[in-house]
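Examination of the molecular architecture
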Amino acid sequence: MRWSRAAGLPGRLPDGLGLALKVRDAGGPDRPLDLLLTSSGSGSLTRHLPLPRTDALAGPYSSLSGYRFPDRVRVVAAFPAEPGRGLPVRPSELAAALARRPARFRLCAAARGEPWRPFAVLSVHPARPVPAPDTVAFDPYAASLADLPPTDRLRTVREAAYAGSRQGRGAETPPREGRPTHDAEARDG
């Protein structure tokens, strides 16, 4: 998992916060699932809008657009287990705070008109050092599950951003074999 700041503003200013998760082997050996979540609201409208914050635990993070579950499209979100706790977003302060006490989130999903339904718990501990060549990259389209693909909303913009990020790092473009593509955006979520 990785936390990030969308605009890279100074730490004292609110910024859109990103929470990226990689579930290794979620779809079988060497088939990860990447979930990219952004600080947002939890309401039927605000779950689709990025909301700037200065505190990493001030509120939920959502996928902004939906994922195609077997029965309908749902937005995925991470809700802090202790929303009033406070957790700095500056990397130098974040590691020390997580060393004192890990952060926990409830991972939930909801379609339009549904309550949030929890499906997992995420515990965030201090980062382990990762050598530069092994830096983890995230791409929810390249690392999706065949039976849980992201919808096409924002796809063009996001794929361009991920391609630019890979190019800037000199990383290879991941194969998309077995990854479904969808032409129409579902209206649920």
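Described in the following lines is the structure provided in the data block. (Residues numbered from 1 in each chain as written. Predicted model: local features only at pLDDT ≥ 70, side-chain atom pairs only at ≥ 80, totals over all residues. Heavy atoms only, no water.)

Here the focus is the pattern of salt bridges. Counted according to the given criterion, the structure contains eight salt bridges. Put simply, Asp-34 and Lys-22 hold a salt bridge, and the shortest N to O gap is 2.8 Å. Of the two residues, Asp-34 is situated in strand β3 (residues 33–39) and Lys-22 in strand β2 (residues 17–23); the sequence distance between them amounts to 12 residues. Residue Lys-22 is classed as partly exposed on the basis of its relative accessible area, which comes to 23%. The partner of Arg-85 in a salt bridge is Glu-82, with the nearest N and O atoms 3.8 Å apart. Owing to a relative accessible area of 22%, Arg-85 belongs among the partly exposed residues under this scheme. Overall, Glu-82 belongs to the partly exposed group, its relative accessible area being 28%. (Salt bridge = Lys/Arg side-chain N within 4 Å of Asp/Glu carboxyl O. Helix = DSSP H or I, 4+ residues; strand = E, 2+ residues; numbered from the N terminus. Buried < 20%, exposed > 50% of the residue type's maximum accessible area, 1.4 Å probe, protein only.)

Take the environment of Ala-96 next. Checked against the element boundaries, Ala-96 lands in helix α1 (residues 91–100). Considering only alpha carbons, one finds Ala-96 and Pro-126, 30 residues apart in sequence, at a separation of 7.6 Å.

What follows concerns the packing of aromatic side chains. Taken as a whole and assessed by the stated rule, the structure comprises three aromatic pairs. Summarising the aromatic geometry, the rings of Tyr-61 and Phe-105 are spaced 6.0 Å apart at their centres and angled 75 degrees between planes, so their arrangement reads as edge-to-face. You can see Tyr-61 sitting in strand β4 (residues 61–62) and its partner Phe-105 sitting in strand β7 (residues 103–110), a full 44 residues away along the chain. Owing to a relative accessible area of 0%, Tyr-61 belongs among the buried residues under this scheme. By way of ring pairs, the aromatic residues Trp-3, Tyr-61 and Phe-105 are connected into one cluster. Its guanidinium or amino end placed over the ring of Tyr-61, Arg-53 lies 5.6 Å from that ring's centre, counting from NZ or CZ. Against the face of Phe-69 rests Arg-74, its NZ or CZ located 5.4 Å from the ring centre. (Phe/Tyr/Trp six-rings, centres within 6.5 Å; stacked < 30°, edge-to-face > 60°. Lys NZ or Arg CZ within 6 Å of the ring centre and 35° of its normal.)

From the geometry alone we can't say anything about function, so treat these as descriptive.
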